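Chain by chain, the residues:
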Amino acid sequence: AITGNIVKTMDTNIALYDASNNTIAGNIVADTNTGISLTYSHKNAITRNTISNANTGIALHISSNNTLTDNVVGPNNNTGIFLHTSCDNNIVRANTVSNNGWDGLDIYMSKNNIIIDNTIESNGDIGIRISPASEDNMMYHNNLMDNGANAYDQGQNTWYNATLEQGNYWSTFNDPSEGAYDNDSDGIIDNPYNIPGDDNQDQYPLATQWQPDYAPPVTTALLTPETPNGNNGWYVSPITAELSAIDDTSGVDITKYKKNEDTWQTYTGGT
């Protein structure tokens, strides 16, 4: 693990070469060429790092199955995050990529990456740029705001989650004056957003900025009797439990429970 370092020199950065199953976390990297770089490196976790005043923030080259989460990338001179050549099956999630001179995220000749829950904002050129040889990447639940152009995709990629029927938030497609109507007020724009570059579309553009929800719902149980009514912490009468579940962000659909080794059951009332 490489954690908790402060790196501020043009001659030094954090780099992995032919290295796998490592964690790079909680570092501050500034005033260097590339803040964090991976080459021929797989199954690594890059999380909670801050990279600024570099040329490129985070760069992967021929590196797959890595996760990039909760990093703050920018301002930097060139590109914030660069997946360059055969960087496949990576997850780029919950990063803030802003105020980079060129692109926020650049995917070049790489496939099957998942780009989710990121805020990509105020980058000088393009928010997310995807090259012609990049295919089967999926982008959804991202906020793309106030970039020179929010996206440019020359490959065959998916800009929404078909199961959830949710896509991304676009600062250039969030108002009726831009042709963005949410007539049924379900939070999804009624017509698709065309991604420049080829024939890709966000089929389910979001009407408002996406707010990630990482906190699980909390379930509490009210017991009757409230406390053991026998000796040594034992109950000597039947017990009922009333369950109550809350989730402040997304709400609760159903609550399930099981007794001992029984199967899970949907909760409908006191038991």
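Everything below is about the structure shown above.
All values derive from a computational prediction rather than experimental measurement.

A few words now on the pairing of strand β9 (residues 56-61). Counting buried positions along β9 gives 5 out of 6 residues, so the element sits mostly inside the fold. Where β9 meets strand β12 (residues 81-84), 4 bridges bridge the pair, whose relative direction is parallel. Its bridge partner being in β12, Ile58 is matched across the sheet by Ile81.

For the rest of this paragraph, the subject is the sheet that holds strand β1 (residues 2-3). A sheet is described by the order of its strands in space; here 8 strands give the open sequence β1-β4-β7-β10-β13-β16-β19-β22, paired in parallel fashion. In this open sheet, the two strands that pair with only one neighbour each are β1 and β22 (156-158). Inspection of the sheet shows β1 paired to strand β4 (residues 23-25) by 2 bridges, in the parallel sense. Counterpart to Ile2 in the pairing with β4 is Ile24.

Here we take up the sheet that holds strand β17 (residues 119-121). The strand order across the open sheet formed by 8 strands is β2-β5-β8-β11-β14-β17-β20-β23, and the pairing between neighbours is parallel. The open sheet is flanked by β2 (6-8) and β23 (169-170), the only strands paired with a single partner. Bridge analysis of strand β8 (residues 50-52) against strand β11 (residues 72-73) gives 2 bridges, and the strand direction is parallel. Among the inter-strand pairings, Ile51 is bridged to a residue of β11, identified as Val73.

Counted by the stated rule, this structure contains 3 salt bridges. Two residues, Arg129 and Asp103, come together in a salt bridge whose shortest N-O distance is 2.6 Å. A residue pair is termed long-range when its members are at least 10 positions apart, and Arg129 in strand β18 (residues 126-130) and Asp103 in the loop between β14 (96-98) and β15 (105-108) qualify at 26 residues. Judged by relative accessible area, Asp103 falls into the buried class, the value being 3%. Put simply, Asp125 and Arg129 hold a salt bridge, and the shortest N to O gap is 2.8 Å. Exposure remark for Asp125: the relative accessible area of 35% places this residue in the partly exposed category.

The next point concerns the pairing of strand β6 (residues 34-39). Taken across its 6 residues, β6 has 6 buried, putting it largely inside the fold. For strand β3 (residues 14-17) and β6, the ladder comprises 4 bridges, and the chain directions are parallel. Counterpart to Tyr17 in the pairing with β6 is Thr39. Looking at chain direction, β6 and β9 are connected through 5 bridges and run parallel. Pairing of Ser37 across the sheet is with Ala59, part of β9.

Taken as a whole and assessed by the stated rule, the structure comprises 5 aromatic pairs. Relative to Tyr204, the ring of Tyr160 lies with its centre 5.5 Å away and its plane at 75 degrees, an arrangement referred to as edge-to-face. Pair noted here: Tyr160 is in the loop between β22 and β23 and Tyr204 is in the loop between β25 (201-202) and β26 (218-224), with a separation of 44 residues, a long-range link. Accessibility expressed as a relative area gives 23% for Tyr204, which makes it partly exposed. Ring centres of Phe173 and Tyr193 lie 5.2 Å apart, and the angle between their planes is 45 degrees; on these two criteria the pair is classed as tilted. On the criterion of sequence distance, the pair formed by Phe173 in the loop between β23 and β24 (193-194) and Tyr193 in strand β24 is long-range, its members being 20 residues apart. Neither Phe173 nor Tyr193 differs from the other in exposure class; each is buried.

Right, let's talk about the environment of Leu83 for a bit. Position of Leu83 among the secondary structure elements: in strand β12. The sequence separation of Leu83 and Asp106 amounts to 23 residues, and the corresponding C-alpha distance is 6.2 Å. Once residues lying within four places of it in the same chain are set aside, the contact partners of Leu83 are Leu60, Val92, Leu105, Asp106, Ile107, Tyr108, Ser110 and Asn113.

What counts, and at which threshold
- Residues numbered from 1 in each chain as written.
- Predicted model: local features only at pLDDT ≥ 70, side-chain atom pairs only at ≥ 80, totals over all residues.
- Heavy atoms only, no water.
- Buried < 20%, exposed > 50% of the residue type's maximum accessible area, 1.4 Å probe, protein only.
- Helix = DSSP H or I, 4+ residues; strand = E, 2+ residues; numbered from the N terminus.
- Pairing = 2+ DSSP bridges.
- Salt bridge = Lys/Arg side-chain N within 4 Å of Asp/Glu carboxyl O.
- Phe/Tyr/Trp six-rings, centres within 6.5 Å; stacked < 30°, edge-to-face > 60°.
- Contact = heavy atoms within 4.5 Å.

Fair warning: the whole summary comes from geometry, so function is off the table for now.
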